[in-house]
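What follows is the residue order along each chain.
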Amino acid sequence: MIQQIYPQVQHNYVFELNKDMHIAAAHFIPHEDAGKCQQVHGHTYFVNITIAGDELDESGFLVNFASIKKLIHKRFDHTLLNDHHDLFSSTDSNYFPTSEGVAKVIWEIVQGELDKKMNKPNCVQVFVRETPTSYVVYRPKHKEGAQ
Ligand SMILES: Nc1nc2c(c(=O)[nH]1)N=C([C@H](O)[C@H](O)COP(=O)(O)OP(=O)(O)OP(=O)(O)O)CN2
Ligand SMILES: [Zn+2]
């Protein structure tokens, strides 16, 4: 795995973990403004997920690294992102499988899983690099009472 430098996120939690993964996937952007990207093409996405919190679980984890990989990598690796009709749309641009859309969807999946945990960790940043020259960062708006 290539070591990447990615933007830091400001927060006041005592623990922060980062999980990196590569996801081989294809996509196309269903809009004429996307030019050549309207054609199906593939990327090896580099994804970094940042999770923070104040409390550990019964295993001494903020959250198990392996469970985060399983949640995201297993779902998307070697798939056509546009085929995930439960997550992405071909008509609503807020849900196109762009880098922005992929980062937001990953955040939603991860945070949905974290919300089930007693120690209540938070996904504070999702970094998605689509090509060597293009990446996106998704950070959720601060929740009431969040740090
Ligand atoms: N804001 C966004 N712009 C573009 C996205 C996107 O997801 N969000 N996606 C694409 C294409 O999917 C394409 O795969 C990536 O485009 P680009 O970075 O332009 O790729 P190149 O390799 O052609 O870029 P170089 O500048 O030549 O390195 C397009 N835009
Ligand atoms: Zn692309």
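All figures in this text were calculated on a predicted structure; none of them were measured in a lab. (Residues numbered from 1 in each chain as written. Chains lettered and ligands numbered in written order. Predicted model: local features only at pLDDT ≥ 70, side-chain atom pairs only at ≥ 80, totals over all residues.)

A. Region of the structure containing the overall build of the chain. Within the chain, the secondary structure is distributed over two helices and five strands. The linear arrangement of helices and strands in the chain, starting from the amino end, is β-β-α-β-α-β-β. Its C-alpha atoms give the chain a radius of gyration of 16 Å, near enough to 15 Å, the size a compact globule of 147 residues would have. Seen through its principal axes, the chain has C-alpha atoms that stretch 45 × 35 × 25 Å. In the chain, which comprises 147 residues, the share counted as buried stands at 28%. Taking contacts inside the chain between residues at least 6 apart in sequence as the whole, the part at least 24 apart equals 68%. (Helix = DSSP H or I, 4+ residues; strand = E, 2+ residues; numbered from the N terminus. Rg over C-alpha atoms; globule rule 2.2 N^0.38 Å. Buried ≥ 20, exposed ≤ 12 C-beta atoms within 10 Å, placed from the backbone. Contact = placed C-beta atoms within 7 Å.)

B. Main features of the site of ligand 1. Around ligand 1, the structure places Ile29, Cys37, Thr98, Ser99, Glu100, Glu130, Thr131, Thr133 and Ser134. Those elements that place two or more of their residues in the shell around ligand 1 are α2 (99–114) and β4 (122–131). Its residues assigned to classes, the shell around ligand 1 shows two nonpolar, five polar and two charged. (Near = placed C-beta within 6 Å. Nonpolar A, V, L, I, M, F, W, Y, C, P; charged D, E, K, R; others polar.)

C. Looking closely at helix α1 (residues 65–76). Between its first and last C-alpha atoms α1 spans 17 Å; for 12 residues at 1.5 Å apiece the expected length is 16 Å, and the two agree. Those residues of α1 lying buried are Ile68, Ile72 and Phe76. The buried residues of α1 occupy an angular sector of 20 degrees when projected down its axis, which confines them to one face. Residues of α1 that are exposed and point over 90 degrees away from its buried face: Ala66, Lys70 and Lys74. Buried positions along α1 lie against β1 (15–27), β2 (41–53), β3 (79–80) and α2. (Expected span 1.5 Å × (residues − 1). Arc of directions from axis to C-beta.)

D. How the structure looks around the sheet that holds strand β5 (residues 134–138). Judged by pairing direction, the sheet is mixed, and its five strands sit side by side in the order β3-β1-β2-β4-β5 without closing on themselves. At either end of the open sheet lies a strand with only one pairing partner, and these are β3 and β5. Note that β4 and β5 share five bridges and pair antiparallel. Its bridge partner being in β5, Phe127 is matched across the sheet by Val137. In the packing of α1 onto the sheet, contacts are made with β1, β2 and β3, and the angle to β1 comes to roughly 15 degrees. (Pairing = 2+ DSSP bridges. Axes fitted to C-alpha atoms, helices over the stretch in contact; angles between N-to-C directions.)

E. Representation of the pairing of β2. Across 13 bridges, the pairing between β1 and β2 is antiparallel. Each bridged residue has a counterpart across the sheet, and for Met21 the counterpart in β2 is Val47. Across seven bridges, β2 lies against β4 in antiparallel orientation. Residue Ile49 lies in a different strand from β4, and its bridge partner there is Val126.

F. Structural context of unusual backbone geometry. Backbone geometry at His78 places phi at a positive 55 degrees, although glycine is not the residue there. Counting through the fold element by element, His78 comes out in the loop between α1 and β3. The exposure class assigned to His78 is exposed, which follows from the 10 C-beta atoms found within 10 Å. The residue Lys120 is not glycine, and still its phi comes out positive at about 50 degrees. Position of Lys120 among the secondary structure elements: in the loop between α2 and β4. Overall, the presence of 12 C-beta atoms within 10 Å leaves Lys120 in the exposed class.

On their own, these measurements won't tell you what the molecule is for.
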